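# Coordinate analysis (summary)
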Amino acid sequence: MRVLGVDPGLTRCGVGVVEGVPGRPLTMVGVGVVRTPADAELSLRLVAIEQGIEQWLDEHRPEFVAVERVFSQHNVRTVMGTAQASAVAMLCAARRGIPVALHTPSEVKAAVTGSGRADKAQVGAMVTRLLRLDEPPKPADAADALALAICHIWRAPAQTRLQQAVAQNRLQQAVALHKARAKAPAPTAASVSTTAPAPKGRLA
């Protein structure tokens, strides 16, 4: 399984590709950051992010794209930019038919470090250890992108089983409902009243 992790951001959008399967050593295929100038027009910055992600998709051809799920923060301007960059990444993947998964920061931290409250230094250290790197990837956005890819590789089988179980349960419910309706007795002529109520007569 080859996954492109995207840590969305307008100024620095972290990207990292990891390959492997759960239970076996993982391999880093590539890591980097798509940068845009802070003084550029927003529309041009989004185009630059799109072009950067498209280059990564062309070069590494991932089977999945994992993007950090954006949460509301106190700084509305920051979270808006992050959400816009996240949407660009999802658009690039969807346009190619690549499945997209969203993972929360706490899910990624828990998957990589064992604690949903780990700081960036701990995440970087564990990414370095899990991928057998000489040093933590820099900047932190790049390490976070790799952590997203690792998280998805480890969580994808469980998510797939859960989705299959939900789909199977819905199918069974639909079949049971269909059978129940088929066994229900059809209304008979005797059970359907066709006689109109008699008009009330005048009292003498």
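Preceding this section is the structure that the text describes.
I will try to describe carefully the structure that is included in this document. All figures in this text were calculated on a predicted structure; none of them were measured in a lab.

## Comments concerning the pairing of strand β4 (residues 64–68)
Two strands pair when backbone bridges link them, and strand β1 (residues 2–7) and β4 are joined in this way by four bridges, in the parallel orientation. Each residue of the ladder has a partner; that of Val 3, found in β4, is Phe 64. When β4 meets strand β5 (residues 100–103), the two strands line up parallel, connected through four bridges. By the bridge assignment for β5, Glu 68 is matched with His 103.

## Examining the state of the cysteines
Following the criterion strictly, the structure yields zero disulfides and no others. Free cysteine: Cys 13, not disulfide-bonded; nearest cysteine sulfur from Cys 92 at 9.5 Å.

## Here we look at the pairing of β1
Within β1, five of the six residues are buried, leaving the element largely enclosed by the surrounding structure. Connecting β1 to the antiparallel partner strand β2 (residues 12–19) that follows it, the hairpin turn spans four residues.

## Section: the nonpolar core
If you look at the biggest cluster of nonpolar residues, it comprises 19 residues, and the most contacted ones within it are Leu 4, Val 6, Ile 49, Ile 53, Leu 57 and Val 65. Elements with a contribution of two residues or more to this core: β1, β2, α1 (42–60), β4 and α2 (76–95). Sorting elements by how many residues they give to this core places α2 first, with five residues. Filtering out sequence-adjacent residues up to four positions away, Leu 57 remains in contact with Leu 4, Pro 62, Val 65, Cys 92, Ala 93, Arg 96 and Ile 98. Listed in part, the 17 residues of the second largest apolar core include Leu 26, Val 123, Val 127 and Ile 153.

Each value, and the rule that gives it
- Residues numbered from 1 in each chain as written.
- Predicted model: local features only at pLDDT ≥ 70, side-chain atom pairs only at ≥ 80, totals over all residues.
- Heavy atoms only, no water.
- Pairing = 2+ DSSP bridges.
- Helix = DSSP H or I, 4+ residues; strand = E, 2+ residues; numbered from the N terminus.
- Disulfide = S-S within 2.5 Å.
- Buried < 20%, exposed > 50% of the residue type's maximum accessible area, 1.4 Å probe, protein only.
- Core = buried A, V, L, I, M, F, W, Y, C linked by side-chain atoms within 4.5 Å.
- Contact = heavy atoms within 4.5 Å.

Worth remembering: the numbers are spatial, not functional.
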